[in-house]
Amino acid sequence: MRSPRLFHSPAVILLLLFLACPAAGANLEPLGLQDAQLLPKNRAEFRIGAAYYDGLHNLFQEQDLDRRLAELPSLSLNLGLGERVEAQLQYSYLYLREDGQASDWGSGDLTVGLKVRLWQESLRIPALALRLATKLPNADDEDDFGTDEADIFIDLLATRNFPFFSTYLNLGLAILGDPRPQHDSQDDALRYALGIRVPLVEPKLAGLLSIEGMEGSDSINNRCAVRGGLQLQLGDWLWDFGGSLGLASKSEDWGLRTGLTIPFDLPSNW
């Protein structure tokens, strides 16, 4: 007896592969994208890295001071606190060179975030999550390391996994405090990011590509850049390396990022 044609259909095969796709949150470094999937409960990731940006303007910076910024180190910690909640901490120590002042080292800002699952991925609907984050004003604005303002970020995250690649969409709002003395206000900016992750040599090597930007009510904060990178699995650890090219005038001319992510387990009674 001949087997039913249904099971020889390419569409059915792809569907079965899709259903086998893992639902755990993906590490998308060295991009700035966020995955709508979360880390499993009691699972954590610590990343130590470095970055360099050539020509990147500070927020609300009107003059072109040929600003060159290095993050050394760049630190992040993600904690799977529950089935629906992931906590995030990000901090960088900075080295800055720009026209008109001597190069110097200084503290960057600490960003505290919380990612909440809204919907687990299904056949019809992508995975959805809400990310709430606050940038604390740790960086010195007088030396141009930051703005000395607290900023708030609210992003809707969407992820769709396919058999041979995954796609990501981040769309949200940035409420940026304006540090300029003559301006007692804020800039409400639209944030966006669209990207793809493709396994190249499963499960060892993956490639990533994205376009990421921000459009403010004040054009001084408009940013847009194309980012790309590679991820190499080293046992349980993950090494990433990538670069970026600015598309908007106040984005970086170019940038480089690299880092090593180390996963670990939290205590079961966390």
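What this report covers is the structure whose coordinates are included nearby. All chains use their own residue numbering, which begins from 1 and follows the written sequence. Local features in a predicted model are, by the rule used here, given only for residues with pLDDT of at least 70; side-chain atom pairs are given and counted only at 80 or more, and totals for whole chains, interfaces and linings are based on all residues. Hydrogens are left out, water is left out, and the side-chain values use all remaining heavy atoms of the structure.

### Quick word on the pattern of salt bridges
- Here, a salt bridge means any Lys or Arg side-chain nitrogen found within 4 Å of an Asp or Glu carboxyl oxygen. In this structure the tally under the stated criterion is 16 salt bridges.
- Two residues, Asp66 and Arg68, come together in a salt bridge whose shortest N-O distance is 3.6 Å.
- For Asp66, a relative accessible area of 32% gives the class partly exposed.
- On the basis of relative accessible area, Arg68 is assigned to the buried category, the value being 18%.
- Within the structure, one salt-bridge network assembled from shared partners comprises Glu29, Arg47, Asp240 and Arg257. Each residue gets one of three labels from its accessible area relative to the maximum for its type: buried under 20%, exposed over 50%, partly exposed in between, using a 1.4 Å probe on protein chains only.

### Thoughts on the environment of Leu132
- Only DSSP runs of H or I with at least four residues qualify as helices, and only runs of E with at least two residues qualify as strands; both kinds are numbered from the N terminus onward. Relative to the helices and strands, Leu132 resides in strand 5 (residues 127-136).
- Among the residues examined, Leu132 registers a relative accessible area of 39% and is labelled partly exposed.
- Along the chain, Leu132 and Arg223 lie 91 residues apart, while their C-alpha atoms are 20 Å from each other.
- The contact criterion used throughout is that any non-hydrogen atoms of two residues lie within 4.5 Å. The contacts of Leu132, once residues within four sequence positions are left out, are Val112, Gly113, Leu114, Phe153 and Ile154.

### Comments concerning the sheet that holds strand 8 (residues 186-201)
- An order of 1-2-3-4-5-6-7-8-9-10-11-12 is seen for the 12 strands of this closed barrel, with the pairing classed as antiparallel. Adjacent strand axes in the sheet meet at a mean angle of 20° when their direction is disregarded.
- Pairing between strands is defined by DSSP: at least two bridges between them are needed. Relative to strand 7 (residues 166-177), strand 6 (residues 151-161) runs antiparallel, the two being bridged by 10 bridges. Bridging across to strand 7, Ala158 finds its partner in Leu169. Geometry is summarised by axes, namely lines fitted to C-alpha atoms with helices restricted to the contacting stretch, and by angles between N-to-C directions that run from 0 to 180 degrees.

### Some points on the side chain of Asp178
- Inspection of the secondary structure assignment puts Asp178 in the loop between strand 7 and strand 8.
- Using a relative accessible area of 7% as the deciding quantity, one classes Asp178 as buried.
- Two N or O atoms form a polar contact when they lie within 3.5 Å of each other; inside protein one atom must be a possible hydrogen donor and the other a possible acceptor, and for residues adjacent in sequence the pair counts only when both atoms belong to side chains. Only 2.9 Å separates the side chain of Asp178 from the side chain of Arg180, close enough to count as a polar contact.
- When residues no more than four places from it in sequence are discounted, the contact partners of Asp178 are Phe60, Glu149, His183, Ser185 and Gln186.

### Describing unusual backbone geometry
- The residue after Leu72, namely Pro73, is reached through a cis peptide bond having omega 0°.
- As for its placement among the helices and strands, Pro73 is situated in strand 2 (residues 68-80).
- Pro203 follows Glu202 through a cis peptide bond whose omega is 0°.
- Its location among the elements puts Pro203 in the loop between strand 8 and strand 9 (205-216).
- The phi torsion at Asn42 lies on the positive side, around 65°, for a residue other than glycine.
- For Asn42, the position within the fold is in the loop between helix 1 (10-19) and strand 1 (43-54).
- Judged by its relative accessible area of 15%, Asn42 is buried.
- For Asp144, which is not a glycine, the phi torsion comes out positive at approximately 70°.
- Along the chain, Asp144 turns up in the loop between strand 5 and strand 6.

### Looking at the nonpolar core
- One finds Phe60, Ala133, Phe153, Ala174, Leu176, Ala189, Met214 and Ile220 forming the largest nonpolar core, which totals eight residues.
- Counting six residues, the second largest nonpolar core, distinct from the first, contains Leu28, Tyr168, Ala193 and Leu208. What makes a nonpolar core is a set of buried Ala, Val, Leu, Ile, Met, Phe, Trp, Tyr and Cys residues whose side-chain atoms join them at distances within 4.5 Å.

### Details of the side chain of Arg68
- Mapped onto the secondary structure, Arg68 falls in strand 2.
- Of the polar contacts made by the side chain of Arg68, one reaches the backbone oxygen of Asp66; its length is 2.9 Å.
- Arg68 has contacts with Tyr52, Tyr53, Asp54, Gly55, Tyr95, Leu96, Arg97, Glu98 and Asp99, leaving out every residue within four places of it along the chain.

### A short note on the pairing of strand 5
- Covered by surrounding structure in strand 5 are Ala127, Ala129, Arg131, Ala133 and Lys135 only, the residues Leu128, Leu130, Leu132, Thr134 and Leu136 on the alternate face being uncovered.
- Strand direction decides the pairing type here: strand 4 (residues 101-119) and strand 5, joined by nine bridges, are antiparallel. Across the sheet, the residue bridging to Gly113 is Ala133, located in strand 5.
- Note: strand 5 against strand 6, nine bridges, orientation antiparallel. Bridging across to strand 6, Lys135 finds its partner in Asp151.

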